[in-house]
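Here's the letter readout for the chains.
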Amino acid sequence: MKRYRRIFPVIISAGILAAALSGCSGNGGDSKQIVRIGHNQATDHPTNIALLEFEKYIEGELGDKYDIEIYPSELLGSQTDMVQLTQTGAVDFCVASNSILETFSENYTLFNLPYLFSSADAYHEAMDDPEIVDPIFESTKQAGFEAVTWIDAGTRNFYTVSVPVETPQDLKGLKIRVQQSPTNVRMMDLLGGSATPMGFGEVYTALQSKVIDGAENNEMALTSNGHGDVCKYYSYDMHQMIPDILIGNCAFMDALSEDEREIFEEGFKLINSVEREEWVKAVEVAKDKAENQQGVHFLYPDTKPFQETCKSMHTEMLESYPDLKPIYDRIQMHNEQHQTEEE
Ligand code: GCU
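Calculation rules
Residues numbered from 1 in each chain as written. Predicted model: local features only at pLDDT ≥ 70, side-chain atom pairs only at ≥ 80, totals over all residues. Buried ≥ 20, exposed ≤ 12 C-beta atoms within 10 Å, placed from the backbone. Helix = DSSP H or I, 4+ residues; strand = E, 2+ residues; numbered from the N terminus. Contact = placed C-beta atoms within 7 Å. pLDDT = per-residue confidence, 0-100. Expected span 1.5 Å × (residues − 1). Domains from an automatic or database assignment. Nonpolar A, V, L, I, M, F, W, Y, C, P; charged D, E, K, R; others polar. Pairing = 2+ DSSP bridges. Right-handed = clockwise from strand over helix to strand, strands pointing away.

*Asks:* Describe helix α7 (residues 182-191), naming the residues involved and giving the relevant values.
*Replies:* For α7, every residue scored as buried is listed here: Thr 183, Asn 184, Arg 186, Met 187, Met 188 and Leu 191. Residues of α7 that are buried make contact with α4 (98-101), β7 (175-178), β8 (194-197), β10 (233-240), α12 (304-310) and α13 (312-320). Just beyond α7, the residue with positive phi is Gly 192, at close to 100 degrees.

Written out as structure tokens, the structure is:
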């Protein structure tokens, strides 16, 4: 289905929404099972484009049984709301930042570490490595959901209304919005800024009303979310490469027949490949628009001082979660391979 309906204009409680979202489409014996997928990006964002391809593919293969409905732009609430709805089964799938998932399973902490990956190639290769992602993706089953694929969300960098950030010292005294995860708050504390956790949908107004001095995200936030209308400095300190994760309700996944599951798995792969292809193009367009239409200045500081400041977080994480050490080490293997290739 291609129509978008704003079910509720504001964030609503999981309970009310669960009641509102139950049911099937169609009439009488002809009814199909509605599969709801929520996310927080705009309709022209690579995530939405990829999900539309998924819809086309699944309905092409299993259209007599399933009706895929995609809800973009936080129509189903914030990411945290959507994860809760996916846990209960009121929503079948949603896209959540890996940052948010850290509060549901501590294993996800790993991918939120600053400067975990040495390059975008190492990041992509690590996220494509089942020995790295499978143990983490399967670790939330007891919480009612499982991760079915990852989605590229580029590199996160700081951007501010009026202060060019060239070194960590420049962040001192600035209120910077971070995602609602303990790792992000810790990172900001170490870097000297004042961490202000809030949902993605609240950031534009907070910037505009000067509740915060800046935020951190990929380039798409400047254009797709309009942050570049307010923030004039975007600084490539490259602090994190945090994937988005498509999660599915366990009861829904378990009810699929073997053949259906195979088709859905193909669909998940399609989401990953389409989004990654669209991402590269979208970031280029976003940078051009930000620079030439919104007047954003892109800065390229030395990333080493930022990296040094956050370094202790790696040891802290490994001390807190020793079980993650083998996965962390395997990521280092990908990092080293890419360092060698790049030298
Ligand atoms: C990116 C990411 C989203 C996330 C957002 C945020 O846009 O793709 O999943 O919600 O950052 O900073 O909250």
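*Asks:* Could you give an account of the confidence of the model for the protein chain, naming the residues involved and the relevant values?
*Replies:* The predicted structure's coordinates, where accompanied by low pLDDT, should not be read in detail. In the predicted model, the protein chain carries a mean pLDDT of 93, and the fraction of residues at 70 or more is 90%. Scored below 50 in pLDDT, residues 2-12 shows 11 contacts in the model against residues more than four places distant or in partner chains.

*Asks:* So what's going on with helix α2 (residues 46-62)? Residues and values would help.
*Replies:* Taking 1.5 Å of rise per residue, the 17 residues of α2 would be expected to cover 24 Å, and the 24 Å separating its terminal C-alpha atoms lies within 8% of that figure. For α2, the complete set of buried residues consists of Pro 46, Thr 47, Asn 48, Ala 50, Leu 51, Phe 54, Glu 55, Ile 58 and Leu 62.

*Asks:* Break down unusual backbone geometry for me, with residues and values.
*Replies:* Note: most peptide bonds trans; most residues except glycine with negative phi. The phi angle at Tyr 115 is positive, at roughly 55 degrees, despite the residue not being glycine. Position of Tyr 115 among the secondary structure elements: in the loop between α4 and α5 (120-127). A residue is classified by how many C-beta atoms lie within 10 Å of it, and Tyr 115, with 22 of them, is buried. Of note in this structure, Met 238 is not a glycine but carries a positive phi near 60 degrees. Position of Met 238 relative to the elements: it lies in strand β10.

*Asks:* With reference to specific residues and values, describe the domain arrangement of the protein chain.
*Replies:* Partitioning the protein chain into structural domains gives domain 1 (14-154 + 242-284) and domain 2 (156-241 + 294-342). Each side of the interface is counted separately: domain 1 has 40 residues, and domain 2 has 34 residues. Where the side of domain 1 that touches domain 2 is concerned, the elements lending two or more residues are α3 (79-88), α4, α5, α6 (130-137) and α11 (258-292). With six residues, the single largest contributor to the side of domain 1 that touches domain 2 is α5. Residue classes in the side of domain 1 that touches domain 2 are distributed as 18 nonpolar, 15 polar and seven charged.

*Asks:* Kindly report on the pairing of β7, identifying the contributing residues and their values.
*Replies:* With four bridges joining them, β7 and β8 adopt parallel strand pairing. Bridging across to β8, Ile 176 finds its partner in Ala 195. Handedness of the crossover joining β7 and β8 through α7: right-handed.

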